[in-house]
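# What the coordinates show
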Amino acid sequence: MKKNISILLLSLFSLVCFSQTEGAYYQLQVKKIDVEQLNAAFGITDADLANIEGSPYSNENFLPGNIYKSDKVVAANKLMRYNAFADEIETKTNSNDTEYGALIKDPNVFVKIVNDLYVFIPFEDSVDKGHYFQIISEEKVFDLYKKTDVTYVPPFFAKTSYETSKPAKFDKEVTYYLVNKNGVFYELPSNKNKLIKVMSSHDKEIKNFIRMNRTDLDEEKDLIRLVSYYNSLQN
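For clarity, every value in this text was computed on a predicted model and none was experimentally measured.

Size it by volume and the second largest pocket reaches roughly 340 Å³. For the second largest pocket, the lining is made up of 17 residues, of which Val 119, Ile 121, Ile 135, Glu 138 and Tyr 145 are closest to its centre. Secondary structure elements with two or more residues in the lining of the second largest pocket: strand E7 (109-113), strand E8 (116-123), strand E10 (142-153) and strand E11 (169-180). It is E8 that provides the largest number of residues to the lining of the second largest pocket, a total of four residues. Considered class by class, the residues forming the lining of the second largest pocket number eleven nonpolar, two polar and four charged.

If you want it as structure tokens, here you go:
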């Protein structure tokens, strides 16, 4: 269902186009929201769109960043934002533009939006099954990646006085991964005991580090410190 909503919400109108100066490196796909088709497909009104709680974006506004291909800058100071709901990097040329584009997904292309670095990783050698990940920290053995998933939850209308109506919302879920230099992903559970099993080669040291530093596994900054320490234990 999420995939179908994504297509309707963000890809109802599309046109592949090429930049005169940058087309050799990447493509942009122009998209816009078609409210009438949304109304027909899901009964989502203009008011629903305005009142949905939460956001599908990691950064609500378009922020400046660079687009890279094979470690070379191919477009500098582009306005971009990551849409976690559609799993796309959206971009536009000017801040007052009403239409915007989305980068064609390519494992050789990555972007840096201010200080946030996003890479596209295929799954089982399939680009269609792949996803964008944010690189949180880069270390000597294991890097720390983050995957943000956003799903649309429709509004709930109370049928009795015992129930409470709830507005539609975008529900966000974050998953962290250890990624080795061969590109192998290890999911990091938020449960302490399960996380220690992932780092079982140094389970005693990790357990002691978490206890001594009062590590909160739901806090990204604490997780960064933990992963950095785990890397320091590697031979």
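So, on to the pairing of strand E12 (residues 185-188). Pairing of E11 with E12 involves four bridges; the strand directions are antiparallel. Counted as the bridge partner of Val 179 is Phe 185 from E12. Count of turn residues in the E11/E12 antiparallel hairpin: four residues, of which Gly 183 carries a positive phi of about 80°.

This part is about helix H6 (residues 220-232). When the terminal C-alpha atoms of H6 are compared, their 18 Å separation across 13 residues agrees well with the 18 Å that a helix rising 1.5 Å per residue should span. Along H6, the residues that are buried comprise Asp 222, Leu 223, Leu 226, Val 227, Tyr 230 and Asn 231.

In this section: the environment of Asp 116. Note that Asp 116 resides in strand E8. Expressed as a C-alpha distance, the spacing of Asp 116 and Gly 65, which sit 51 residues apart in the sequence, is 8.9 Å. When residues no more than four places from it in sequence are discounted, the contact partners of Asp 116 are Val 111 and Gln 134. Polar side-chain contacts of Asp 116 include one of 3.2 Å to the side chain of Gln 134.

This next bit is on the pattern of salt bridges. Evaluated as defined, the whole model comprises nine salt bridges. Of the charged contacts in the structure, one is a salt bridge between Glu 90 and Arg 81, with a shortest N-O distance of 2.8 Å. Among the residues examined, Glu 90 registers a relative accessible area of 1% and is labelled buried. Taking the shortest distance from any N to any O, the salt bridge between Glu 220 and Lys 146 comes out at 3.0 Å. On the criterion of sequence distance, the pair formed by Glu 220 in helix H6 and Lys 146 in strand E10 is long-range, its members being 74 residues apart. With relative accessibility at 24%, the residue Glu 220 sits in the partly exposed group. For Lys 146, a relative accessible area of 15% gives the class buried. Through salt bridges with shared partners, one network takes in Asp 87, Lys 147 and Asp 149.

Let us look at the packing of aromatic side chains. Aromatic rings in a pair are described by how distant their centres are and how their planes are angled relative to each other. Summed over the entire model, instances satisfying the criterion amount to 15 aromatic pairs. Their ring planes at 5° and their centres at 4.8 Å tell us that Tyr 68 and Phe 110 sit as a pair that is stacked. Of this pair, Tyr 68 sits in strand E3 (residues 63-69) while Phe 110 sits in strand E7, placing them 42 residues apart in sequence. The exposure classification of Tyr 68 matches that of Phe 110, with both residues buried. Relative to Tyr 118, the ring of Tyr 82 lies with its centre 5.0 Å away and its plane at 35°, an arrangement referred to as tilted. With Tyr 82 in strand E4 (residues 72-83) and Tyr 118 in strand E8, this residue pair connects regions lying 36 residues apart in the sequence.

Two strands pair when backbone bridges link them, and E8 and strand E9 (residues 126-137) are joined in this way by six bridges, in the antiparallel orientation. Its bridge partner being in E9, Tyr 118 is matched across the sheet by Gln 134. Connecting E8 to the antiparallel partner E9 that follows it, the hairpin turn spans two residues, and Glu 124 within it adopts a positive phi of roughly 55°. Strand direction decides the pairing type here: E9 and E10, joined by three bridges, are antiparallel. By the bridge assignment for E10, Ile 135 is matched with Tyr 145. Counting the residues that bridge the hairpin from E9 to E10 gives four residues.

About the criteria used
Residues numbered from 1 in each chain as written. Predicted model: local features only at pLDDT ≥ 70, side-chain atom pairs only at ≥ 80, totals over all residues. Heavy atoms only, no water. 1 Å grid on protein atoms, 1.4 Å probe; cavity = no way out; pocket = protein on both sides within 12 Å on 5 of 7 lines; lining within 4 Å. Points joined across faces, edges and corners; volume = space filled by probe spheres on them. Helix = DSSP H or I, 4+ residues; strand = E, 2+ residues; numbered from the N terminus. Nonpolar A, V, L, I, M, F, W, Y, C, P; charged D, E, K, R; others polar. Pairing = 2+ DSSP bridges. Expected span 1.5 Å × (residues − 1). Buried < 20%, exposed > 50% of the residue type's maximum accessible area, 1.4 Å probe, protein only. Contact = heavy atoms within 4.5 Å. Polar contact = N/O pair within 3.5 Å; in protein donor to acceptor, adjacent residues only side chain to side chain. Salt bridge = Lys/Arg side-chain N within 4 Å of Asp/Glu carboxyl O. Phe/Tyr/Trp six-rings, centres within 6.5 Å; stacked < 30°, edge-to-face > 60°.

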